[in-house]
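# Secondary and tertiary structure notes
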Amino acid sequence: MAKFCTKCGKPLKEGKPCDCEKNKKEEVNTNNIGENIINIFKEIFITPFDTIKKYSNTNNIKLAFILSGISALVFGLFTYLFMDSLNKGLTEDINELSNALGGSLYSVSNVPFFEPFIIGVITMIAFLFALCLISRLFMSTVFKSEKRFRDYLALYGNATSITILTMILACIGCFISYKVGIVIALIGTILYFVSTTQTLLKHYKINKERIPYSLALTITTTYIITFIVLVIAVSTVIANQTSTMYY
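Residues numbered from 1 in each chain as written. Predicted model: local features only at pLDDT ≥ 70, side-chain atom pairs only at ≥ 80, totals over all residues. Heavy atoms only, no water.

## Here we look at helix α6 (residues 149–176)
Applicable threshold: Working definition: helices are DSSP H or I runs of at least four residues, strands are E runs of at least two. Numbering for both runs from the N terminus. Here, expected helix span is obtained from the residue count minus one, scaled by 1.5 Å. Bend is the name given here to the angle between axes fitted to two runs of seven residues, the run ending at a residue and the run starting at it. Throughout, exposure labels follow a simple rule: accessible area from a 1.4 Å probe, protein chains only, divided by the maximum for the residue type, with under 20% read as buried, over 50% as exposed, and the rest as partly exposed.
The end-to-end C-alpha separation of α6 is 39 Å, in line with the 40 Å expected for 28 residues at 1.5 Å each. At Ser161, α6 shows its largest bend, some 30 degrees. Across the 28 residues that make up α6, a large majority, 20, are buried.

## Let's talk about the packing of aromatic side chains
As a reminder, the rule being used: Centres within 6.5 Å make a pair out of two Phe, Tyr or Trp rings, where for Trp the six-membered ring is used; the pair is then stacked when the planes are under 30 degrees apart, edge-to-face when over 60, and tilted otherwise.
In total, this model carries eight aromatic pairs according to the counting rule given. On the basis of an interplanar angle of 20 degrees and a centroid distance of 6.3 Å, the ring pair of Tyr152 and Tyr156 is categorised as stacked. Taken together, the positions of Tyr152 and Tyr156, both in helix α6 and four residues apart, correspond to about one turn of that helix. Linked through ring pairs, Phe75, Phe78 and Phe82 together constitute an aromatic cluster.

## Considerations on the packing of helix α2 (residues 33–43) against helix α3 (residues 48–55)
This is how it is decided: To obtain each axis, a line is fitted to C-alpha atoms, and for helices this fit is confined to the stretch in contact; angles are then taken between N-to-C directions over 0 to 180 degrees. Small angles under 35 degrees read as roughly parallel and large ones over 145 as roughly antiparallel, with 65 to 115 read as roughly perpendicular and the rest as oblique. By definition, residues are in contact when any of their heavy atoms lie within 4.5 Å.
Interaxial distance between α2 and α3 falls to 9 Å at its minimum, and their mutual angle equals 155 degrees. If you check the angle between α2 and α3, you find them roughly antiparallel. Every residue of α3 that contacts α2 at Asn36, Asn39, Ile40 and Glu43 is listed here: Pro48, Thr51, Lys54 and Tyr55.

## Topic: the pattern of salt bridges
Any two side chains of opposite charge can pair, so long as their charged atoms come close to each other. This is how the line gets drawn: We count a salt bridge whenever a side-chain nitrogen from Lys or Arg sits within 4 Å of a carboxyl oxygen from Asp or Glu.
Scanning all chains against the criterion turns up three salt bridges. As a salt-bridge pair, Glu43 and Lys54 come within 3.6 Å of each other at their nearest N and O atoms. Pair noted here: Glu43 is in helix α2 and Lys54 is in helix α3, with a separation of eleven residues, a long-range link. Overall, Glu43 belongs to the partly exposed group, its relative accessible area being 21%. Residue classification places Lys54 among the partly exposed residues on the basis of a relative accessible area of 22%. Close ionic contact of Lys88 with Asp84 constitutes a salt bridge, the shortest N to O distance being 3.2 Å. Residue Lys88 and its partner Asp84 are located together in helix α4 (residues 61–100), separated by four residues, close to a single helical turn.

## Let's talk about the nonpolar core
For clarity, the threshold we go by: For this analysis, a nonpolar core means a set of buried residues of the types Ala, Val, Leu, Ile, Met, Phe, Trp, Tyr and Cys, connected via side-chain atoms within 4.5 Å.
Of all hydrophobic cores here, the largest spans 41 residues; its most connected members are Phe78, Phe127, Tyr156, Met167 and Tyr192. Put simply, the parts of the chain that give this core at least two residues each are α2, α3, α4, α5 (114–142), α6 and α7 (178–202). Beyond its immediate chain neighbours, meaning those up to four positions away, Phe127 contacts Tyr192, Phe193, Thr222, Tyr223 and Thr226.

## Points about the side chain of Thr123
Relative to the elements of secondary structure, Thr123 occurs in helix α5. A relative accessible area of 9% places Thr123 in the buried class. Other than its neighbours up to four places away in sequence, Thr123 contacts Phe75, Thr226 and Leu230.

## So, α3
Rules: The directions considered for the arc are those from the helix axis to the C-beta atoms.
Considered for burial, the residues of α3 that qualify are Thr51, Ile52 and Tyr55. The arc that holds every buried residue of α3, seen down its axis, measures 95 degrees, which confines them to one face.

## Concerning the confidence of the model for the protein chain
Which entries qualify depends on this criterion: pLDDT measures the predictor's confidence residue by residue and takes values from 0 up to 100.
Across the protein chain, the average pLDDT comes to 76, with 71% of residues at or above 70. Predicted confidence in the protein chain is weakest over helix α1 (residues 20–26), with a mean pLDDT of 48, and strongest over α6, with 89.

As structure tokens, then:
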């Protein structure tokens, strides 16, 4: 005779307790966005896979949008600081080489804030949108996963909590050297993809044999789309600056 949980009424498997209490503890109060933002930053580096799984459902789509917006702003700031640090670093390297050869020295030009910042914001937004779209195409359509665009947006959007923290560190690193900044940013990118990949394998039930192919196609296509958007954005800024100079 089947036994049922006295708390939720769910049929019990023989010799195993009901998981309703565990699930209740893992439920997220989707109405308290501020508390969820604080909690996700507290938990993401302690239990990254379970944290992303906990918040990566469509009930937390608002949280995903907010975190995606914050990550875009932080990446915009990183883009400016990196370009400024790169400009200063390369000028110093050229001056050292020129000084050793007895040549003339170059002054450091200032990098404007607005253009690199906007380019960074647009690039991050394009990256996240393309990542969700291509994941939906390859993993859902080609590999028959039942996840929708909203599901991937919740996954990748809430996982940007990792990106936000590492990009803040990368911004600080740019004050030391552009090399330090880019290394931290690359580490953050690796952590982001490792965490989302493990979440896909563990909780999204993507076929383990097919995941390397789907991820390779997803990431490659996403970076191609993002690169195209970046080139368009940079070209637009250069064209606007050129037209202003000749006006």
